[in-house]
Amino acid sequence: MTEAPGILHLLAFAAEPGGGNPAGVVLDATALDESDMLRIAADLGYPETAYVTARDGERLRVRYFSPEAEVPFCGHATIATAVALAEAEGPGEFVFETSAGDVRVSAREDDGRIAAGFTSVPTVVRDFADCASLLALLGLDADDLDPRMPLAEAFAGNWHPVVAVRTIERFDGFGYDPAALRVLMDERGWTGTVTVVHVPGDVADGAIVEARNLFPVGDISEDPATGSAAAALGAYLRDRVGIPTPFHVTVHQGRHIGRPSVLEVDAPPVGGIHVSGTAVPLEGQV
């Protein structure tokens, strides 16, 4: 494996010790080519690794790699990169040039720790034309779905199908074949995750959303915390469900795989969705 100087290991969106989503961050990847970045990401085995490949002041070119391929955008690795920049240089405002478009990013001190947030690229929500294959893979049918939240696909850097499950029992209990889902995701161009949610209370401002984000890549089957999916969910709740704006929802994710995470989502009347959280060093890594 080609070594990269200063690989940082962080956990983004952790709700408690042991929670969160691991990300690799390389703040100076100017000497690395595509094959180097993919090799490093595969060796780390995290859902994504972020690489700063160029910089002009507060404008940074950032690329993201899963263990198997480059992805257009990754929310949790963006939060991790912003926190790493703040730890190295102090809090600030940045623009990340990503394959999905420009993403505005901020990092600030919050009660003795660094918190970060990003505003997604402009969002798109579209009808889910053929959902039968996905529901069959998840072992779900129409009776399992929440009628308040129709099936749709949402984009905020990556395309995510959004499936809302009516009861917590079905939400907690469904399963799937990772290899079969990977094939379907590649066919549909879902470069992010399959987003499955349950809202126990009102679908409104202040809602708590339980989320599972399915991500069959390498040894990974479910993502602990997915910033791009949280942004896509915010767009879906605004543009398809019709929650009056501005609104705030909190996404709880990762408990099904023992890595509880919390993502805060704010939706303005128009434009990108804001997602915020924290990142901390991954213990045992240097």
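Residues numbered from 1 in each chain as written. Predicted model: local features only at pLDDT ≥ 70, side-chain atom pairs only at ≥ 80, totals over all residues. Heavy atoms only, no water.

Draft legend 1. Structural context of the pairing of strand E16 (residues 261–267). In E16, alternate side chains face the same way, and those of Ser261, Leu263, Val265 and Ala267 are buried while those of Val262, Glu264 and Asp266 on the opposite face are not. Of the strand pairs in this sheet, strand E15 (residues 247–253) and E16 are connected by 7 bridges, and their pairing is antiparallel. For His248, the partnering residue across the bridge sits in E16 and is Asp266. Bridge analysis of E16 against strand E17 (residues 274–281) gives 3 bridges, and the strand direction is antiparallel. The residue of E17 that forms the bridge with Glu264 is Ser276. (Buried < 20%, exposed > 50% of the residue type's maximum accessible area, 1.4 Å probe, protein only. Helix = DSSP H or I, 4+ residues; strand = E, 2+ residues; numbered from the N terminus. Pairing = 2+ DSSP bridges.)

Draft legend 2. Up close: the pattern of salt bridges. Applying the stated rule across the entire model yields 17 salt bridges. Note that Glu58 is salt-bridged to Arg55, the shortest N-O span being 4.0 Å. With its nearest N and O atoms 2.9 Å apart, the salt bridge here joins Arg240 to Asp127. Of this pair, Arg240 sits in helix H6 (residues 227–241) while Asp127 sits in strand E9 (residues 124–127); the two residues are 113 residues apart in sequence, bridging distant segments of the chain. You can call Arg240 partly exposed: its relative accessible area is 28%. (Salt bridge = Lys/Arg side-chain N within 4 Å of Asp/Glu carboxyl O.)

Geometry only, nothing functional implied.
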